[in-house]
Amino acid sequence: MQEKPARTVPTNDFQNIFRQLPSHKLLIRAVGPDFIIEDATNSYIAMIGLDRDALVGKPYTAVFSDANQLNNLSVREITRAFRRVIRTAQPHDLHFFRHDVPESDNPSQLTERYWHTVLYPTVNESGKVVHIVQTLTNATREFLATRALEEAQHHLEEALEAGKVGSWSWDIGTDVIVGNAGLAKIAGISTEEAKNGFSLKKLITTIHKDDRERVTHALQRAIKTGTTFDTEFRVIANARTRWLIGRGRILDGRGASRFSGVAVDVTERRDLQAQIDLARRQDRLNRAEAKMLQERNSELQALSRTKEEFVALASHQLRTPATAVKQYVSMVLQGYAGTITDLQ
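Residues numbered from 1 in each chain as written. Predicted model: local features only at pLDDT ≥ 70, side-chain atom pairs only at ≥ 80, totals over all residues. Heavy atoms only, no water.

*Asks:* Go over the side chain of Thr79 with me, naming the residues and quoting the values.
*Replies:* Its place among the elements puts Thr79 in helix H4 (residues 75-88). Exposure remark for Thr79: the relative accessible area of 7% places this residue in the buried category. Among residues more than four places away in sequence, those in contact with Thr79 are Phe35 and Thr61. (Helix = DSSP H or I, 4+ residues; strand = E, 2+ residues; numbered from the N terminus. Buried < 20%, exposed > 50% of the residue type's maximum accessible area, 1.4 Å probe, protein only. Contact = heavy atoms within 4.5 Å.)

*Asks:* Could you give an account of a nonpolar patch on the surface, naming the residues involved and the relevant values?
*Replies:* On the surface, Phe14, Ile17 and Leu21 cluster together to form a nonpolar patch covering roughly 280 Å² of accessible area. Position of Phe14 among the secondary structure elements: in helix H1 (residues 11-19). (Patch = residues over 30% accessible without salt bridge, like charges linked within 9 Å, V, L, I, M, F, W, Y side chains within 5 Å. Areas by Shrake-Rupley, 256 points an atom, 1.4 Å probe, with all protein chains shown as cover. Salt bridge = Lys/Arg side-chain N within 4 Å of Asp/Glu carboxyl O.)

*Asks:* Talk me through the sheet that holds strand E7 (residues 129-138); I want residue IDs and the actual numbers.
*Replies:* Reading across the sheet, the five strands line up as E2-E1-E7-E6-E3 and stay open at both edges, with antiparallel pairing between neighbours. Every interior strand has two partners, whereas the edge strands, strand E2 (37-40) and strand E3 (92-98), have only one. Averaged over all pairs of adjacent strands, the angle between their axes in this sheet comes to 25 degrees, without regard to strand direction. (Pairing = 2+ DSSP bridges. Axes fitted to C-alpha atoms, helices over the stretch in contact; angles between N-to-C directions.)

*Asks:* Any details on the nonpolar core? Residues and values, ideally.
*Replies:* By size, the foremost hydrophobic cluster in this structure holds 27 residues, and its most contacted members are Leu26, Tyr44, Leu55, Tyr60, Phe64, Phe82 and Ile132. When residues of this core are traced back to their parent elements, those giving at least two are strand E1 (24-29), E2, helix H2 (42-48), helix H3 (60-63), H4, E3, strand E6 (114-123) and E7. Take this core: its biggest share by element is five residues, from H4. Those residues in contact with Tyr60 that sit more than four places away from it in its chain are Leu26, Ile28, Asp34, Phe35, Ile37, Ile78, Phe82, Phe97 and Gln134. If you look at the next biggest cluster of nonpolar residues, it comprises 24 residues, including Ala194, Phe198, Ile204 and Phe259. (Core = buried A, V, L, I, M, F, W, Y, C linked by side-chain atoms within 4.5 Å.)

*Asks:* I'd like to hear about the packing of aromatic side chains, residue by residue, with values.
*Replies:* All told, the structure shown has six aromatic pairs when counted by the stated rule. Arranged with centres 5.1 Å apart and planes meeting at 80 degrees, the rings of Tyr60 and Phe82 form a pair that is edge-to-face. Residue Tyr60 is found in helix H3, and its partner Phe82 is found in helix H4; the two are separated by 22 residues along the sequence. The exposure class of Phe82 is buried, given its relative accessible area of 0%. (Phe/Tyr/Trp six-rings, centres within 6.5 Å; stacked < 30°, edge-to-face > 60°.)

*Asks:* Can you break down H4 residue by residue, with the values?
*Replies:* The end-to-end C-alpha distance of H4, which contains 14 residues, comes to 20 Å, matching closely the 20 Å that a straight helix rising 1.5 Å per residue would cover. Buried within H4 are the following residues: Val75, Ile78, Thr79, Ala81, Phe82 and Val85. When H4 is viewed along its axis, its buried side chains cluster within an angular range of 150 degrees and face the same direction. Pointing more than 90 degrees away from the buried face of H4 are the exposed residues Arg76 and Arg87. On the buried face of H4, the contacting elements are E1, H3, E3, E6 and E7. Just downstream of H4, Ala89 is the residue with a positive phi angle, here 55 degrees. (Expected span 1.5 Å × (residues − 1). Arc of directions from axis to C-beta.)

*Asks:* I'd love a proper account of the pattern of salt bridges, names of residues and values included.
*Replies:* Under the criterion given, the structure shown has ten salt bridges. When salt bridges with common partners are traced through the structure, they connect Arg19, Asp39 and Arg52 into a single cluster.

*Asks:* A description of the environment of Leu27 should follow, citing residues and the corresponding values.
*Replies:* Mapped onto the elements of the fold, Leu27 is located in strand E1. Its relative accessible area of 19% is what places Leu27 among the buried residues. What Leu27 contacts, discounting residues up to four positions off in sequence, is Phe18, Ile36, Ile37, Glu38, Asp39, His131, Ile132 and Val133.

*Asks:* Mind laying out helix H9 (residues 212-225), listing which residues take part and the relevant values?
*Replies:* The end-to-end C-alpha separation of H9 is 20 Å, in line with the 20 Å expected for 14 residues at 1.5 Å each. Among the residues making up H9, those that are buried are Val215, Ala218, Leu219 and Ala222. Axial view of H9: buried residues confined to an arc of 100 degrees, hence all on one face. For H9, the exposed residues lying more than 90 degrees away from the buried face are Glu213 and Lys224. The first or second residue beyond H9 is Gly226, which carries a positive phi of 75 degrees.

*Asks:* Any details on unusual backbone geometry? Residues and values, ideally.
*Replies:* At the junction of Gly32 and Pro33, the peptide bond is cis and its omega measures out at 5 degrees in the coordinates. By secondary structure assignment, the location of Pro33 is in the loop between E1 and E2. Phi angles above zero are rare outside glycine, and Ala89 is one such case at about 55 degrees. Looking at the secondary structure, you find Ala89 in the loop between H4 and E3. At Asp175, a position not held by glycine, the phi torsion is positive, near 55 degrees. Topologically, Asp175 is positioned in the loop between strand E8 (165-171) and strand E9 (176-179).

Laid out in structure tokens, this is it:
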């Protein structure tokens, strides 16, 4: 008995099946440079906000020529990705791609949208890629959340850098400390080393030898008691002594212990405080010296007055006898003592 040939599905049936797929898909002819759009699912048409006639049969670059560049991704790079899929016959993930869509109640107004795009090849019997299926997933919420997180992280890093603050996390079990760029700068290590992790011993060696024991004891006490580690100490980084305030506490969870904290560079505050203290000491010395000079001046003024009084008194005492002698001589010359001879 002759076997009946397998029933083939008419082309129109394949087209209807494709169009009714629930996901957002675009069927693209794998021939450049135009990469003609051959069909699209109904959900894609509804999502993109274009009529089917404005999409099907048109070059991909013409339909999406107004696509915004995002993360160095443009229409040109998407077509480059098409060529890669044709060359490798392997799917390719384009990650996020921006294409704004018209608002439902105001088609002239576009709404910001981001899509997660994956390109899948379809091959013929000889293994040649004849079509590319572009699958889009609305990833606007994910992208905006990721972008907000990245911006917040960037702002935090900028704030930490501007404030000379380093953040760090120490895995006590593995003895690995991971820090940000601020900690690397403060501790005098490379940013890569701080990011990849280093041991507590290495960090301790950067602490001034006169402060190491005190800092180590404070850290051990914080771990043992679960209290906050909060101490001020010096580090030697890049041949320069800097003052830091270290603050952190242990975090327990799921059998692992981590010690998280921050280190704040307070060298400038310390230097400024030292200048203020020096100025105050100098001011006290100046006031003490001024007071001493004032007292010395008073003493000299008192000595001067005593001298003047002594001179006046001595002069008076010396003048008094001389006056009496002059009077007696005058009386003798006037003859009150009798006649005097030339010899007298």
